[in-house]
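Notes for the structure review
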Amino acid sequence: MLAAMTLEEKTAQLVGYWLDQNGVVAPMQGEMAAHDDADGRTLADVTRHGLGQFTRVYGTRPVEPEERAAWLWSEQRRLKRETRLGIPALVHEECLTGLAAWKAATFPTPLAWGAAFDPELVEQVGEAIGDSMRQLGVHQGLAPVLDVVRDPRWGRVDECIGEDPYLVGTIGTAYVRGLQRAGVDATLKHFLGYSASQAGRNHAPVHAGPREVADVFLPPFEMALRDGGARSVMNSYAEVDGVPVAANGDLLTDLLRGRLGFDGTVVADYFSVAFLEVMHGVAADRGEAAALALTAGIDVELPTGDAYLGPLVDRVRSGDVDESLVDRAVLRVLRQKERLGLLDPDAFEDEPPTGIDLDTPRHRALAKELAARSLVLLSNGPEAPVLPLAPGASVALIGPNADRAEALQGCYSFANHVLAAHPDLPLGFAIPTVREALTESLGADTVRFAAGCAVTGDDRSGFDDAVAVAERSDVAVVVVGDQAGLFGRGTVGEGNDTESLDLPGVQRELVEAVVATGTPTVVVLLTGRPYAIGWALDGDAPRPAAVVQAFFPGEGGGLAIADLLTGAAAPSGRLPVSLPRAAGAQPYTYLHPRLGGPSDVTATDSTPVRPFGFGLSYTSFAYEELVVDPTVSSAGAFDAWVTVRNTGERAGEDVVQLYGHDVQASVTRPVAQLLGYARVALGPGESVRLRFSVPVQRFAFTDRALRKVVEPGDVEVWVASHAAASGPTGGVRADGIVAVGGGTGPAPVPGSATARAVVRVTGPVREVEPSDRRTVTWERV
């Protein structure tokens, strides 16, 4: 097929076409639209040489799914019939919180996936999303985001899974498996280092050294490629050490394809090829931008053909670009289309789908379950627990996010991404607000409502009503937080970076006014980033009696929050990101070496108010009888056994976290590192014995020669309820097996941990290969 193609037919396969650029859903979309290759021509004219991809035919404006599917089937048949080669177009859509299309189910945002610590459930969600997409003739999903959170001021934090590379990798890989099992290619983004942008500003330069890139930002991509078999990768907008990733062959070819063995397609983040000219200034024009990106390893220009059509053809014809680079990319595209069935003779010869339901009972059940497991109880006291709510208690429901469906959804939900520009249209699916769900649970006579204020602005005129409602109630529930949006149309989301980590607007003042009434107050945070709320958790009294963190929990979020408040369900989520002390303490990660945290040589304190992995329950858990293999070769794996006991009076689910620390290495190492985790359900008084199997590669790092290695030496291992809970180093019995139990080590916040055990890694320094096992497995024994 390649041998029969003209140059124009080849380049046509390397671009997307955006039929509907309605509203701004991509950076600088308004400015870039003028360069669209269509120039007012018909779709038949634009695609006369064929087409690589259709850009977001369902997800750019509200379209009836059945009508759009009928149009798409017809258009694909036209491409087969009227173009010389008869190749249908691949269709891609956003699918970060569900298929971003009108009337499609909206799931929790990825930060909530991380909070759930439940890869199996995320895999089921990915498959359900993929089923909807495949039904509509969509072949590629632009998800998951595998960027590791480094600075909560960055607006795109709600698209990310967490601050730990292993958590990001395991959860992201699960989503890839689910989506691709449904027949939709996953696209890993954003390769590489995007989330380390300077001061948390979108598209800002990244000042990460090669070791941080290799040890923090790369591992999730390695896992999703090697373990998940991801079939597409999207580049980062950012520059790393002065080189834009879209023009960086060291990353996109040498690393991605040479070292990691990736053989799929690399697609450009929207307009990033043209940005080499207009934003980065490393290309003189679109033709040079095309040459740089194609040489570096970007196969497909999205969302349009600004650079890879006419400008690239001119460069090839002038001899400035070798046509073999075009052929290389075209072959990758054709192989992808062949594998997806687009080159089959009967492709799109069936009838388009009818009776389409993009929010089935299965979607709704999965959405609620994932939301429920993602809710994090941050405090419940301090004197006596106020949650769950006492039966029969009257409730004052207050706050700007208490009765807004948009407040439950992330930036890449269709509601906040697209439908915000169409305020007269309904969401198209059921999404009960917190007010609706709590009223359904408790009864209309029990719940009194007052908004109090808006998410943004300084209007305090609603405070008096909120205070009056609180004073007449037994308990107050104040729902505050964010409004997700794009490029200034929200408080969080793409382009909505922040200089402050205070709650937006006057929401803190609203909470404080309600607390001052003396009515026990529960704060529910519906946010896309962690905020600096130490005043609500550890500040001077009076302060809220309980605080619940919800990261945009989606269409089942209101129901899940109501269940948690009433006690119909117990909280089991854990923080996937540290809860910051202040904006000035950023960037911060729990994965810091000794001098990256508080110490006597600095007057500032970066200690988070709640650490990574933290979360309370309505019961309590204890860890006992830790036993760890005493020695292991640098090429092997060791086992760690621990007993987990529910020491409370009601059933609950615990997220058991296995941590480690490399005692001495050739480069500085984190004081604590998540090795693995397990989610277990236990009844009152019930216990279970767990065995973790840990490959030594979990302790691998990039050495001074920039090799990924495992070094011999001692490593400490312990089981804990969060990253800041740790016990003293344990002893070794005569038989060499560490056996220590149940003590609670010092921690800045309540937590439980076993004492530390020591494992000696023996043998020579061993270089780690991409194919080496990286995942910790666990089982009940």
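Right, let's get into unusual backbone geometry. Among all residues save glycine, negative phi is the norm, and among peptide bonds the norm is trans. Here the residue pair Phe 191 and Leu 192 is connected by a cis peptide bond, since its omega of 20 degrees sits within 30 degrees of zero. Looking at where Leu 192 falls in the secondary structure, it is placed in the loop between strand E5 (185-191) and helix H8 (210-217). Pro 303 follows Leu 302 through a cis peptide bond whose omega is 0 degrees. If you trace the backbone, Pro 303 turns up in the loop between helix H12 (286-296) and helix H13 (310-317). A positive phi angle, close to 70 degrees, is found at His 203, a residue other than glycine. A positive phi is found at Phe 348, a non-glycine position, where the angle reads about 65 degrees.

Here H12 lies mainly inside the structure; 8 of its 11 residues are buried. The residue sitting at the N-terminus of H12 and contributing the capping side-chain oxygen is Asp 285; that oxygen lies 3.2 Å from the backbone nitrogen of Gly 287. Gly 297 sits one or two residues past H12 and shows a positive phi near 130 degrees.

We now examine the sheet that holds strand E23 (residues 708-710). The strand order across the open sheet formed by 3 strands is E22-E23-E27, and the pairing between neighbours is antiparallel. With partners counted over all chains shown, the strands left at the sheet margins are strand E22 (701-702) and strand E27 (766-767), one partner each. Relative to E23, E22 runs antiparallel, the two being bridged by 2 bridges. Looking across to E23, one finds that Thr 702 is bridged to Lys 708.

With that settled, the discussion passes to the nonpolar core. With 215 residues, the main nonpolar core has Phe 191, Tyr 308, Ile 533 and Phe 692 as its most contacted residues. With 7 residues, helix H7 (residues 165-181) is the single largest residue contributor to this core. Those residues within four positions of Phe 692 in sequence are excluded, and the remaining contacts are Phe 638, Asp 639, Ala 640, Val 642, Val 656, Leu 658, Gly 676, Tyr 677, Ala 678, Val 776, Thr 777 and Trp 778. If you look at the next biggest cluster of nonpolar residues, it comprises 40 residues, including Leu 375, Leu 377, Leu 408 and Ile 561.

Turning our eyes to something else, we now look at the pattern of salt bridges. In the structure shown here, the tally under the stated rule is 47 salt bridges. Taking the shortest distance from any N to any O, the salt bridge between Arg 435 and Asp 403 comes out at 3.2 Å. Of this pair, Arg 435 sits in helix H17 (residues 434-442) while Asp 403 sits in the loop between strand E11 (395-398) and helix H16 (414-417), and the two are 32 residues apart along the sequence. Residue classification places Arg 435 among the partly exposed residues on the basis of a relative accessible area of 31%. In this structure, Arg 691 and Glu 779 form a salt bridge, with 2.5 Å as the shortest nitrogen-oxygen distance. One end of the pair, Arg 691, is in strand E21 (residues 687-695); the other, Glu 779, is in strand E28 (residues 777-780), with 88 residues separating them in the sequence. On the basis of relative accessibility, which here comes to 22%, the residue Arg 691 falls in the partly exposed class. Connected through shared salt-bridge partners, Asp 118, Glu 369, Arg 373, Glu 653 and Arg 679 make up one network.

Here Thr 446 lies in the loop between H17 and strand E12 (447-450). Here the side chain of Thr 446 touches Leu 442 through a polar contact of 3.1 Å, landing on its backbone oxygen. Those residues within four positions of Thr 446 in sequence are excluded, and the remaining contacts are Ala 393, Ser 394 and Val 395.

Before going further, it helps to examine helix H6 (residues 119-135). With 17 residues, H6 extends 24 Å between its outermost C-alpha atoms, agreeing within 8% with the 24 Å of an ideal straight helix rising 1.5 Å per residue. Among all positions in H6, only Pro 119, Leu 121, Val 122, Glu 123, Val 125, Gly 126, Ala 128, Ile 129, Gly 130, Ser 132 and Met 133 are buried. Residues of H6 that are buried in the fold lie against strand E3 (90-93), helix H5 (110-116), strand E4 (140-141), H7, helix H15 (361-374) and strand E20 (673-682). One or two steps after H6, the chain reaches Gly 137, where phi turns positive at roughly 80 degrees.

Attention now goes to the packing of aromatic side chains. Considering all chains together, one arrives at 16 aromatic pairs under this definition. Summarising the aromatic geometry, the rings of Trp 18 and Tyr 270 are spaced 5.3 Å apart at their centres and angled 65 degrees between planes, so their arrangement reads as edge-to-face. Separated by 252 residues along the polypeptide, Trp 18 in the loop between strand E1 (16-17) and helix H2 (29-33) and Tyr 270 in the loop between strand E9 (265-267) and helix H11 (272-278) bring together distant segments of the chain. Note on Tyr 270: relative accessible area 3%, which makes it buried. Here Phe 271 and Phe 275 contribute two aromatic rings whose centre-to-centre distance is 6.4 Å and whose plane-to-plane angle is 40 degrees, an arrangement assigned as tilted. On the accessibility criterion, Phe 275 (2% relative accessible area) is buried. Site record: aromatic cluster; members linked through ring pairs are Trp 18, Trp 154, Tyr 194, Tyr 237, Tyr 270, Phe 271 and Phe 275. When the ring centre of Trp 71 is taken as origin, the NZ or CZ atom of Arg 68, which lies over that ring, is 4.5 Å away.

What counts, and where the lines are drawn
Residues numbered from 1 in each chain as written. Predicted model: local features only at pLDDT ≥ 70, side-chain atom pairs only at ≥ 80, totals over all residues. Heavy atoms only, no water. Helix = DSSP H or I, 4+ residues; strand = E, 2+ residues; numbered from the N terminus. Buried < 20%, exposed > 50% of the residue type's maximum accessible area, 1.4 Å probe, protein only. Polar contact = N/O pair within 3.5 Å; in protein donor to acceptor, adjacent residues only side chain to side chain. Pairing = 2+ DSSP bridges. Core = buried A, V, L, I, M, F, W, Y, C linked by side-chain atoms within 4.5 Å. Contact = heavy atoms within 4.5 Å. Salt bridge = Lys/Arg side-chain N within 4 Å of Asp/Glu carboxyl O. Expected span 1.5 Å × (residues − 1). Phe/Tyr/Trp six-rings, centres within 6.5 Å; stacked < 30°, edge-to-face > 60°. Lys NZ or Arg CZ within 6 Å of the ring centre and 35° of its normal.

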